[in-house]
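Close look at the chain arrangement
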Amino acid sequence: MNRIQERFARLHGAGEKGFIVYIGAGDPDLKATRKLALAFDQAGVDILELGVPFSDPLADGLVNQLAAQRGLESGTTPPKVLETVAAVRKKSQIPIVLYIYFNLIHRIGMEKFIRDAAKAGVDGLLVLDLPPEESNIYELLMHKHGLCHIYLVAPTTPEERMGYIVKRGSGFIYYVSREGVTGMQKQIAVNLAQQVAKLRAHTRLPVAVGFGVSNPAQAKLVAQEADAVVVGSAVVNQIAEHGKSKDLVKRVGKFVKTLADAIKTIKS
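Residues numbered from 1 in each chain as written. Predicted model: local features only at pLDDT ≥ 70, side-chain atom pairs only at ≥ 80, totals over all residues. Heavy atoms only, no water.

We now examine the overall build of the chain. When you go through the chain residue by residue, the secondary structure sums to twelve helices and nine strands. The C-alpha extent of the chain, read off along each of the three principal axes, is 45 × 40 × 35 Å. Among the 268 residues that make up the chain, the fraction classed as buried is 54%. Considering only residue pairs separated by 6 or more positions, the chain has 74% of its internal contacts joining residues 24 or more positions apart. When the accessible area of the chain is evaluated, it comes to approximately 12,000 Å², of which 52% is carbon and sulfur surface. Positive and negative side-chain charges of the chain, numbering 34 and 26 respectively, have mean locations separated by a distance of 7 Å. (Helix = DSSP H or I, 4+ residues; strand = E, 2+ residues; numbered from the N terminus. Buried < 20%, exposed > 50% of the residue type's maximum accessible area, 1.4 Å probe, protein only. Contact = heavy atoms within 4.5 Å. Areas by Shrake-Rupley, 256 points an atom, 1.4 Å probe, with all protein chains shown as cover. Lys, Arg positive; Asp, Glu negative; His and termini not counted. Charge placed at Lys NZ, Arg CZ, Asp CG, Glu CD.)

Structure follows, in structure tokens:
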């Protein structure tokens, strides 16, 4: 088992729900990314998703698009993200997933990127625009290097295809709770319980729910249905607000802890 599988096994054994945080790597710079990763580990985050900056982040709303832009402006590249992961690994074993678009992997070379990611201490990849039908070689390489290949399932995914996707995935299934792009929402999807139940009928993998979770109250509601809650834009928005502050890590870490504390009140 890699760190993702170990963490979910531990959570299951303790009857706890998981907490996954997404941030844009290199926003406002990679030094801050490293410090935030370590702070999140201390705050109760179970898995960290690092968005690798890309010029055309089609799955992302404005908040995360701007984070990607700031990451590119700070000089963040895929190799530098891996260097940052390796630096985090010197002090933390928090599971790390790279949220990435396939162009970046293709540009470097799929086998080289996956090998380098594993060597740096990455535990899984979530490739936004790589469908499972085109993932045979990718999945083989991921398995070879001990990484989890994580797939998205959308609310518009037909149940037959849903079953196909989850059988191809590993680590956990990322259920997108809303149609459209990433972004904060005022309320959670009304059909969440029904959709999660459909997924669980097809897989024993943990189901993580994201896209739109914005505050502790929403995180707590989602945790009642899911195995893990993913919060991205709300945390990225905190980084945008406090990016130039000397207290960036302290302020964002405090916000993240409120989410972690809410999620951990829910037992499975």
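Another point: the packing of helix 6 (residues 110-120) against helix 7 (residues 136-144). Geometry of a packed helix pair, given as the angle between the helix axes and the separation of the axes. Viewed as axis vectors pointing N to C, helix 6 and helix 7 meet at an angle of 30°, and their least axial separation amounts to 10 Å. The orientation of helix 6 relative to helix 7 falls into the category roughly parallel. Along this stretch, helix 6 crosses helix 7, giving a crossing that reads as right-handed. On the side of helix 6, the interface is formed by Met 110, Glu 111 and Ile 114, while helix 7 contributes Ile 137, Tyr 138, Leu 141, Met 142 and Lys 144. (Axes fitted to C-alpha atoms, helices over the stretch in contact; angles between N-to-C directions. Parallel < 35°, antiparallel > 145°, perpendicular 65-115°, else oblique. Left-handed = near helix turned anticlockwise from the far one by under 90°.)

Our next topic: the packing of helix 8 (residues 159-168) against helix 9 (residues 192-200). In contact at an axis separation of 9 Å, helix 8 and helix 9 are set at 55° when each is read in the N-to-C sense. By the angle between their directions, the pair helix 8 and helix 9 is classed as oblique. Every pair of crossing elements has a handedness; the one defined by helix 8 and helix 9 is right-handed. Here helix 8 contributes Glu 159, Met 162 and Val 166 to the contact with helix 9, which in turn contributes Gln 195, Lys 198 and Leu 199. Along the lines of polarity and charge, the residues of the contact of helix 8 with helix 9 split into three nonpolar, one polar and two charged. (Nonpolar A, V, L, I, M, F, W, Y, C, P; charged D, E, K, R; others polar.)

Before going further, it helps to spend a moment on the packing of aromatic side chains. This model, assessed by the stated rule, comprises four aromatic pairs. Between Tyr 174 and Phe 211, the ring centres sit 5.9 Å apart and the planes meet at 85°, which makes this aromatic pair edge-to-face. Of the two residues, Tyr 174 is situated in strand 7 (residues 173-176) and Phe 211 in the loop between strand 8 (207-210) and helix 10 (216-223); the sequence distance between them amounts to 37 residues. For the pair Tyr 174 and Phe 211, a shared accessibility class is recorded, and that class is buried. (Phe/Tyr/Trp six-rings, centres within 6.5 Å; stacked < 30°, edge-to-face > 60°.)

Attention shifts here to the pattern of salt bridges. Throughout the structure, instances matching the rule amount to twelve salt bridges. Ionic pairing is found between Lys 267 and Glu 16, a salt bridge with its closest N-O pair at 3.9 Å. With Lys 267 in the segment after helix 12 (248-263) and Glu 16 in the loop between helix 1 (3-14) and strand 1 (18-24), this pair connects stretches of sequence that are 251 residues apart. Since its relative accessible area comes to 29%, Glu 16 is described here as partly exposed. The salt bridge partner of Asp 227 is Arg 200, with a shortest N-O separation of 3.0 Å. Within this pair, whereas Asp 227 is found in the loop between helix 10 and strand 9 (228-231), its partner Arg 200 is found in helix 9, the two being separated by 27 residues in sequence. For Asp 227, a relative accessible area of 24% translates into the label partly exposed. (Salt bridge = Lys/Arg side-chain N within 4 Å of Asp/Glu carboxyl O.)

Attention now goes to the environment of Thr 203. Mapping Thr 203 onto the fold places it in the loop between helix 9 and strand 8. The exposure class of Thr 203 is buried, given its relative accessible area of 12%. Taking the C-alpha atoms as reference points, Thr 203 and Arg 89, separated by 114 residues in sequence, lie 31 Å from one another. Apart from the residues within four sequence positions on either side, Thr 203 is in contact with Val 166 and Ile 173. Within the structure, Thr 203 has its side chain in polar contact with the backbone nitrogen of Leu 205 (distance 2.9 Å). (Polar contact = N/O pair within 3.5 Å; in protein donor to acceptor, adjacent residues only side chain to side chain.)

Attention shifts here to the pairing of strand 3 (residues 96-100). For strand 3, the tally of buried residues reaches five of five residues, placing the bulk of the element in the interior. Going residue by residue along strand 3, you find Ile 96, Leu 98 and Ile 100 tucked away on one face and Val 97 and Tyr 99 tucked away on the opposite face as well. Taken together, the four bridges between strand 3 and strand 4 (residues 124-127) define a ladder with parallel strand orientation. Looking at the pairing, Tyr 99 lines up with Leu 126 of strand 4. (Pairing = 2+ DSSP bridges.)

Right, let's get into helix 10. Buried residues of helix 10: Gln 218, Ala 219, Val 222 and Ala 223, and no others. Considered in projection along helix 10, the buried side chains sweep an arc of 135° and stay on one side of the axis. Packed against the buried residues of helix 10 are helix 9, strand 8, strand 9 and helix 12. (Arc of directions from axis to C-beta.)

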